[in-house]
Amino acid sequence: MPWSTVDIGGKQADVFDPAVAHGPHFVLVYLHGVGLETLIDRPVFTHWLEQLQLACICPHGQRCWWGDRICAEFDPRLTPERYLLDQVVPFVQERWKHAHRALALLGISMGGQGALRLGFKYSEVFPVVAAISAAIEYHQLYGQGTTIDEMYDSMEQCRQDSAILHVHPSKSPPHIFFGIDPDDDTWYRGNDRLHEKLRALGIPHEIDLTTRAGGHSWDYFNHMAERVLKFIRAGLEEQSRRLL
């Protein structure tokens, strides 16, 4: 079984080690959605992680939205963002040695917007970022009894923390991909708006806003697995060549 579970700072994370003779050169940090599903039971993703020789770590974040805000469900004192930067990234660097030279972020839904936000804020840490069905405009959920109500004082405060508002014209990750099913009515508009903003700023990125494969569901997520993971592998390879 290539998957295992580890403890990082008192919190669980699922870890994938591909069968590589000298250890993997590239590592992917995966951020899950509100359903809390990591990739440990997702054979399509596991297949492509193995084929592409990508190590993967999936922290358990509860319904934290992966921001720099306290979410009591995750931790009463530590924000998810600081946990990722101060504990998960050092763990990755220690376990896989050279992984800090080429580290990627991938997220789905809640995790997708988290991956994009973190990528825009810390492009020097995460030069390759990808999102599937990203819930970018998650401020829409404010006032509906989710953890978001506890994390933000208002819908506008939440909107100001969205990935789109963290885009910097000269500090974006060099490799960005995001895709969403056109039938994903709740989250499609936010992805299209991000595309328009990046295009207006001249920030290179790759998108898929046209493929239909089941809406906001694992049918679509699985359908996108090969394309997204190949994008991540190619981006990490390019980054590694630049650092030689």
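What comes next concerns the included structure. (Residues numbered from 1 in each chain as written. Predicted model: local features only at pLDDT ≥ 70, side-chain atom pairs only at ≥ 80, totals over all residues. Heavy atoms only, no water.)

### A few points about the overall build of the protein
In step 1: Of the regular secondary structure elements, the protein holds seven helices and eight strands.
In step 2: Taking 244 residues into account, the globule formula puts the C-alpha radius of gyration at 18 Å, and the protein, at 17 Å, falls close to it.
In step 3: C-alpha atoms of the protein, sized along the principal axes, occupy 50 × 40 × 35 Å.
In step 4: Relative to its 244 residues, the protein shows a buried fraction of 54%.
In step 5: Considering only residue pairs separated by 6 or more positions, the protein has 73% of its internal contacts joining residues 24 or more positions apart.
In step 6: About 10400 Å² of surface is accessible on the protein, with carbon and sulfur atoms providing 49% of the total.
In step 7: Where the 23 positive side-chain charges of the protein centre and where its 31 negative ones centre are 6 Å apart. (Helix = DSSP H or I, 4+ residues; strand = E, 2+ residues; numbered from the N terminus. Rg over C-alpha atoms; globule rule 2.2 N^0.38 Å. Buried < 20%, exposed > 50% of the residue type's maximum accessible area, 1.4 Å probe, protein only. Contact = heavy atoms within 4.5 Å. Areas by Shrake-Rupley, 256 points an atom, 1.4 Å probe, with all protein chains shown as cover. Lys, Arg positive; Asp, Glu negative; His and termini not counted. Charge placed at Lys NZ, Arg CZ, Asp CG, Glu CD.)

### Considerations on the side chain of histidine 175
In step 1: Of note, histidine 175 is situated in strand S7 (residues 175–179).
In step 2: Aside from chain neighbours lying at most four places away, what touches histidine 175 is Pro127, Val128, Val129, Phe231, Gly235, Glu238 and Gln239.

### Here we look at the sheet that holds strand S6 (residues 128–132)
In step 1: One open sheet accounts for eight strands, arranged S1-S2-S4-S3-S5-S6-S7-S8; its pairing is mixed. Both edges of this open sheet fall to strand S1 (3–8) and strand S8 (206–208), since each of them pairs with a single strand only. Ignoring strand direction, the axes of neighbouring strands in this sheet form an average angle of 20°.
In step 2: Note: S7 against S8, three bridges, orientation parallel. The partner of glycine 179 across the bridge, within S8, is aspartate 208.
In step 3: Across the sheet, helix H1 (residues 43–51) is in contact with S1, strand S2 (11–16), strand S3 (26–31), strand S4 (54–59), strand S5 (103–108) and S6; its angle to S2 comes to roughly 60°.
In step 4: Running over the sheet, helix H6 (residues 188–201) touches S7 and S8 and is turned about 150° from S7. (Pairing = 2+ DSSP bridges. Axes fitted to C-alpha atoms, helices over the stretch in contact; angles between N-to-C directions.)

### Some words on the nonpolar core
In step 1: In terms of nonpolar packing, the biggest core is built from 52 residues, with Ile57, Leu116 and Leu194 touching the most fellow members.
In step 2: A total of seven residues in this core trace back to one element, the largest contributor, which is helix H2 (residues 80–96).
In step 3: Other than its neighbours up to four places away in sequence, leucine 116 contacts Val129, Ala131, Ala134, Ile136, Ala163, Ile176, Phe178 and Leu194.
In step 4: Listed in part, the 32 residues of the second largest apolar core include Phe16, Leu28, Trp218 and Met224. (Core = buried A, V, L, I, M, F, W, Y, C linked by side-chain atoms within 4.5 Å.)

### A look at the pattern of salt bridges
When charged atoms on two side chains of opposite charge get close, those side chains can pair.
In step 1: Per the stated rule, a full pass over the model turns up 16 salt bridges.
In step 2: In this structure, the salt-bridge partner of aspartate 75 is lysine 11, at a minimum N-O distance of 3.0 Å. On the criterion of sequence distance, the pair formed by aspartate 75 in the loop between S4 and H2 and lysine 11 in strand S2 is long-range, its members being 64 residues apart. Side by side, aspartate 75 and lysine 11 carry an identical accessibility label, which is buried. (Salt bridge = Lys/Arg side-chain N within 4 Å of Asp/Glu carboxyl O.)

### Overview of the side chain of glutamate 137
In step 1: Along the chain, the position of glutamate 137 falls in the loop between S6 and helix H4 (148–151).
In step 2: The exposure class assigned to glutamate 137 is buried, which follows from its relative accessible area of 6%.
In step 3: If we skip the residues at most four places from it in the chain, glutamate 137 touches Trp187, Arg189, Gly190 and Arg193.

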